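Given next are the chains, with one letter for each unit.
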Amino acid sequence: MSVAASICESVARRVGAAEIDEMVVEVGALSGLNPDALEFCLEEAARMQGLRLGRFEIEMVAGKARCACGHVYEASDLLAPCPKCGGFERDFTGGDEIVVSRLVVESDGEEDS
Amino acid sequence: MAKKTLEKIVIDKGEKIALANRAVIDRAGALALNLIGSPGCGKTTLLERTIAELHGPSNGQPELQVAVIEGDVQTTFDRDRIAAAGAPATQIETAGACRLDAAMVAKALADFPLDGVDLLVIENVGNLICPCGPKLGEHLKVAVVSTPEGDEKPAKYPTVFARADAAVFTKIDLLPHLDYDLDRAISDCRKINSRLKVFALSARTGEGVSEWIGYLRTLHRAQQGGG
């Protein structure tokens, strides 16, 4: 819920009270966030923030890992070994980010596309 | 009305407040740990033992001065236990929240002087999942997991072990009474995080405690030396 609230606060800071036509939130697969729970919380958090939220989508983005063998690969399981060398000497270098990757609002200004 | 597509927003999950907390802790020259583990895994007992080891006899000068910020949903029981063990302690009652966040810690730090503190331990709310997310301003995360919880816990709850710098397996004095495969649990931890420092101890009998205390001494020395 606090993540949903952070998202809506950040969006509100950017757009004011504008009507949000479309929003896509990218969630890293290693973030520990459950997309269903986030979806539910986003609706509630938007209401609390006074945002009118139209269509929105949550996209899971694979994490990244860099193995000691040099292999860089997409990782979604913290227990899975490096697919190339089978070793576990790898660092997870991404996959816990939360990014509002697409935000389309109703605007009085010029149309951009 | 026209439609306008805006630039993407990277969500700040409290990192700014966590960095401000870190600055306060660094100014005091303290090393800060974020202790994460299930309810009843022995976090507070581990701290009582750690304080006893690092403070030494109550009339002497502590080898390392420990201070503790306790996080619980409700009550000040743990703060009182830490205070009885001889370390300054303050309590955050989260009123329902399942983990601490940087803002709660900032509020606690505002009324909790760190002068002379070498080791600040932030004991998170008992929970193996939610506290993995928010950064609090700590230097290191320490996962605490007890043998009665079962040896499959690292595999089932990997995130905390992935993000932790060290893991402490507690209550190993109970191993003769349990079907617990410590090697399996440790090997799963290493698969998740090959850099993880692992300790196995009993705060009650003292077995394995000296390795843990040695680790804290090393960390403290490294911090004093390396800034």
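Residues numbered from 1 in each chain as written. Chains lettered and ligands numbered in written order. Predicted model: local features only at pLDDT ≥ 70, side-chain atom pairs only at ≥ 80, totals over all residues.

Observations concerning the overall build of chain A
The cut-off we apply is this: In this description a helix means any DSSP run of H or I spanning at least four residues, a strand means any run of E spanning at least two, and both kinds are numbered starting from the N terminus. Radius of gyration here is computed from C-alpha atoms only, and the compact-globule reference equals 2.2 Å multiplied by the residue count raised to the power 0.38. We call a residue exposed when 12 or fewer other C-beta atoms sit within 10 Å of its C-beta, buried when the count reaches 20 or more, and partly exposed for counts in between; the C-beta positions come from the backbone. C-beta atoms are first placed from the backbone for all residues, and any pair lying within 7 Å is then listed as a contact.
Counting its secondary structure elements, chain A contains two helices and six strands. A compact globule built from 113 residues would reach a C-alpha radius of gyration of about 13 Å, whereas chain A, at 18 Å, exceeds it by more than 25%. Once the C-alpha set of chain A is aligned to its principal axes, its extents read approximately 55 × 30 × 20 Å. For chain A, with 113 residues in total, the buried portion stands at 28%. For chain A, long-range pairs separated by at least 24 residues make up 69% of all intrachain contacts whose partners lie at least 6 apart in sequence.

Side note on the confidence of the model for chain B
Convention followed: Each residue carries a pLDDT value, the predictor's own confidence for that position, ranging from 0 to 100.
Mean pLDDT over chain B stands at 95; residues scoring 70 or higher make up 99%. The ipTM for the predicted assembly is 0.79, set against a pTM of 0.87.

What to know about the nonpolar core
Operational definition: For the purposes of this analysis, a nonpolar core is taken to be any set of buried Ala, Val, Leu, Ile, Met, Phe, Trp, Tyr and Cys residues that are connected through C-beta atoms within 7 Å.
The biggest cluster of nonpolar side chains holds 61 residues, and the ones touching the most others in it are Ile122 and Val168 of chain B. Here this core gets five residues from one element, more than from any other, and that element is strand E3 (residues 31-37) of chain B. By size, the runner-up hydrophobic cluster in this structure holds 20 residues, among which are Cys8, Leu38 and Val105 of chain A together with Ile11 of chain B.

Some thoughts on the packing of helix H1 (residues 2-15) of chain A against helix H2 (residues 35-49) of chain A
In helix packing, the relevant descriptors are the interaxial angle and the interaxial distance, both defined with respect to the helix axes. Residues and elements named next belong to chain A. Applicable threshold: Each axis is a line fitted through C-alpha atoms, taken for helices only over the stretch in contact, and angles between the N-to-C directions span 0 to 180 degrees. Reported orientations rely on four angle classes, namely roughly parallel under 35 degrees, roughly antiparallel over 145, roughly perpendicular from 65 to 115, and oblique for the rest. Crossings are assigned a handedness: left-handed for a near helix turned anticlockwise from the far helix by less than a right angle, right-handed for a clockwise turn.
Contact geometry of H1 with H2 gives a least axis separation of 8 Å together with a crossing angle of 45 degrees. Classified by the angle their axes make, H1 and H2 are oblique. In the crossing of H1 with H2, the sense of the turn from one axis to the other is right-handed. Of H2, the residues touching H1 (which contributes Val3, Ala4, Ala5, Ile7, Cys8, Glu9 and Ala12) are Leu38, Cys41, Leu42, Ala45, Ala46 and Gln49.

Quick word on the interface of chain A and chain B
Applicable threshold: Here the nonpolar group is Ala, Val, Leu, Ile, Met, Phe, Trp, Tyr, Cys and Pro; Asp, Glu, Lys and Arg are the charged ones; every other residue, Gly included, is treated as polar. A pair of strands is treated as paired once DSSP finds two or more bridges between them.
Contact with chain A, which involves 31 residues of that partner, is made by 24 residues of chain B. Listing elements by their share of the side of chain A that touches chain B, those giving two or more residues are H1 and strand E6 (98-107) of chain A. For the side of chain A that touches chain B, the leading source of residues is E6 of chain A, giving nine residues. Considering only residue class, the side of chain A that touches chain B consists of 14 nonpolar, eight polar and nine charged. Pairing of E6 of chain A with strand E2 (residues 9-10) of chain B, which is carried by two bridges, proceeds in the antiparallel orientation. The residue of E2 of chain B that forms the bridge with Val99 of chain A is Val10 of chain B.

Some words on the pairing of strand E3 (residues 63-67) of chain A
Residues and elements named next belong to chain A. Of the two faces of E3, only one is covered, namely that formed by Gly63, Ala65 and Cys67; the face formed by Lys64 and Arg66 stays uncovered. Bridge analysis of E3 against strand E4 (residues 72-75) gives four bridges, and the strand direction is antiparallel. Counted as the bridge partner of Ala65 is Tyr73 from E4. Taking the residues that link successive antiparallel strands as the turn, the E3-E4 hairpin has four residues, and the phi of Gly70 there is positive, at about 105 degrees. Alignment of E3 against strand E5 (residues 90-94), held across four bridges, turns out to be antiparallel.

A word on unusual backbone geometry
Residue and element names in this part refer to chain B. One non-glycine residue, Thr75, lies in positive phi territory at about 80 degrees. Structurally, Thr75 can be placed in the loop between strand E4 (66-72) and helix H3 (77-84). On the basis of neighbour counts, which here come to 11 C-beta atoms within 10 Å, the residue Thr75 falls in the exposed class. Unlike most non-glycine residues, Ala95 shows phi in positive territory, near 55 degrees. The topology assignment puts Ala95 in the loop between strand E5 (89-93) and helix H4 (102-110). Look at Ala95 and you get exposed, because 7 C-beta atoms sit within 10 Å.

Description of the packing of helix H1 (residues 15-27) of chain B against H4 of chain B
All names here are of chain B. The contact between H1 and H4 brings their axes to 8 Å, and the two run at 30 degrees. Our classification of the angle between H1 and H4 gives roughly parallel. Classified by chirality, the crossing of H4 by H1 is left-handed. Side by side, H1 and H4 meet where Ile17, Ala18, Ala20, Asn21 and Val24 of the first sit next to Ala102, Ala103, Val105, Ala106 and Leu109 of the second. Counted by class, the contact of H1 with H4 contains nine nonpolar, one polar and no charged residues.

Considerations on the sheet that holds strand E6 (residues 119-123) of chain B
Across a sheet, paired strands are connected by hydrogen bonds in the backbone, their directions being either parallel or antiparallel. Residues and elements named next belong to chain B. Spatial ordering of the open sheet is given by E5-E4-E6-E3-E7-E8-E9, a layout of seven strands whose pairing is parallel. Every interior strand has two partners, whereas the edge strands, E5 and strand E9 (197-200), have only one. If you compare each strand with its neighbour and ignore which way they point, the axes differ by 20 degrees on average. Taken together, the four bridges between strand E8 (residues 166-170) and E9 define a ladder with parallel strand orientation. When the sheet's bridge partners are listed, Phe169 is paired in E9 with Ala200. Running at roughly 170 degrees to E4, helix H2 (residues 43-55) makes contact with E3, E4, E6, strand E7 (140-146) and E8 of the sheet. Seen against the sheet, H4 touches E4, E5 and E6 and runs at an angle of roughly 140 degrees to E5.

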